[in-house]
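Observations on the three-dimensional arrangement
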Amino acid sequence: MGAERILITGANGQIGSELAEALRNRYGQDHIITTDLRAPAHPDAGPWDILDVLNRKAIEEKFRRYRPTQVYHLAAMLSAVAEQKPLAGWNLNMNSLLSILQASVDLGISKVFWPSSIGAFGPTTPKDQTPQITIMDPTTVYGISKKAGEGWCQYYFGKYGLDVRSIRYPGLISYKTKPGGGTTDYAIAIFHAAKYEQHYTSFLRADTELPMMYMPDAIRGTLQLMDAPAEGLRIRSSYNFAGVSFTPAGLADAIRKFIPEFRIDYKPDFRQAIADSWPHSIDDSFAREDWGWQAGYDLDRMTADMLAHI
Ligand code: NAD
Ligand code: AKB
């Protein structure tokens, strides 16, 4: 295990900051190199470097310098921000992935992780228990980039044998790092507002059901997929991955079990249309069968833990 060297891009973000901590606990501090556009919040946590993933030469230079055995490519623009600047979103999400995939082949990286999203699905995708293999007609630039990215991952596996693995994350909920501008971010902001103001105005309607997951489950599942024997992985585009599905009204009810005076009202904005195009719940039976995935947190357990830590 100690021989692994892992480089993470976009490591200062919501997922990267917790993934880096988990990987450092497992492989040792010096075996994980975190990279991003800026210095990390905790520069003493382990080796870090500046890497702009839009700079292909810089990617190659860092791969040569650190000789990683695995790369987690997390740098991206999330759904709500990308809708504000679609071409920049496409450029970052697509071109960085292509550079990482090609540099990994050229420089002999043995394993790559890249996250897709429930955003890769669209309005005519079956909404309940969305199957692994189904209609994918995303209407956001974020979703278009995730769907195309899945195709490229599958292509690099098939053509070059690159061991690239991927998960379609649902909306991730965490308290350690702020989210980066997604449609599911209400489900984090609501906890801060509930605890400190006892009131929250949701930018999604009360009945907007979306697939979500608590970060500790997401990190555990990601490491589980990366540990799985390659020959058992039937999916090389991206695995469906389910935690818990709920609506803003349902989450407010769960919070009221701990903060009875909490109030919520609703002022939907442009993010409503994005949420309306996404599934309600996910069938993750391929992940369960291929690498033993099982979510640990339900809504009440997650709510209790979030409120205890915020
Ligand atoms: P985030 O926005 O919190 O973090 C992204 C990081 O990328 C930031 O630290 C940012 O500084 C960095 N970055 C931006 N442009 C860069 C560049 N040119 N070069 C290097 N770094 C750059 O995102 P996140 O929530 O941690 O998401 C990570 C990945 O997981 C993304 O691919 C995202 O689409 C995917 N994902 C996230 C969620 C979620 O709910 N958080 C759900 C599904 C998929
Ligand atoms: C977003 O809302 O953009 C992300 C995601 C589900 O991909 N949280």
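Whatever comes next refers back to the structure up there.
Note that the coordinates shown come from a computational prediction; the quantities given were computed from them, not determined experimentally. (Residues numbered from 1 in each chain as written. Chains lettered and ligands numbered in written order. Predicted model: local features only at pLDDT ≥ 70, side-chain atom pairs only at ≥ 80, totals over all residues. Heavy atoms only, no water.)

1. Here we look at the site of ligand 1
As a structural note, the neighbourhood of ligand 1 is formed by 25 residues, with Q14, I15, D36, D52 and Y142 the closest of them. At 3.3 Å from an oxygen atom of ligand 1 is found a main-chain nitrogen or oxygen belonging to G13. Between D52 and ligand 1, the recorded distance is 2.9 Å, taken from a side-chain N or O atom to a nitrogen atom. Those elements that provide at least two residues to the shell around ligand 1 are α1 (14-27), β5 (111-117), α5 (141-160) and β7 (171-173). With three residues, β5 is the single largest residue contributor to the shell around ligand 1. Split into classes, the residues belonging to the shell around ligand 1 amount to 14 nonpolar, eight polar and three charged. (Near = heavy atom within 4 Å. Polar contact = N/O pair within 3.5 Å; in protein donor to acceptor, adjacent residues only side chain to side chain. Helix = DSSP H or I, 4+ residues; strand = E, 2+ residues; numbered from the N terminus. Nonpolar A, V, L, I, M, F, W, Y, C, P; charged D, E, K, R; others polar.)

2. Quick notes on the pattern of salt bridges
Applying the stated criterion across every chain, the model contains 20 salt bridges. A salt bridge links D300 to K257, with the nearest nitrogen and oxygen atoms 3.0 Å apart. Highlighted residues: D300 in helix α11 (residues 299-309) and K257 in the loop between α8 (248-256) and β12 (263-266), separated in sequence by 43 residues. The exposure class of D300 is partly exposed, given its relative accessible area of 34%. Two residues, D269 and R271, come together in a salt bridge whose shortest N-O distance is 2.6 Å. For D269, a relative accessible area of 28% puts it in the partly exposed group. Look at the salt bridges and you will find they share partners, linking D49, E61, K62 and R65 into a network. (Salt bridge = Lys/Arg side-chain N within 4 Å of Asp/Glu carboxyl O. Buried < 20%, exposed > 50% of the residue type's maximum accessible area, 1.4 Å probe, protein only.)

3. Details of the site of ligand 2
The environment of ligand 2 is made up of L78, S79, S117, I118, Y142, G171, G182, T183, T184 and W278. Note that an oxygen atom of ligand 2 is positioned 2.5 Å from one of the side-chain N or O atoms of S79. Taking Y142, its side chain carries an N or O atom lying 2.6 Å from an oxygen atom of ligand 2. Coverage of ligand 2 by the protein chains reaches 93% of its 250 Å² of free accessible surface. Among the domains, domain 1 (6-170 + 214-240) and domain 2 (173-211 + 243-309) are the pair contributing at least three residues each to the shell around ligand 2. (Areas by Shrake-Rupley, 256 points an atom, 1.4 Å probe, with all protein chains shown as cover. Domains from an automatic or database assignment.)

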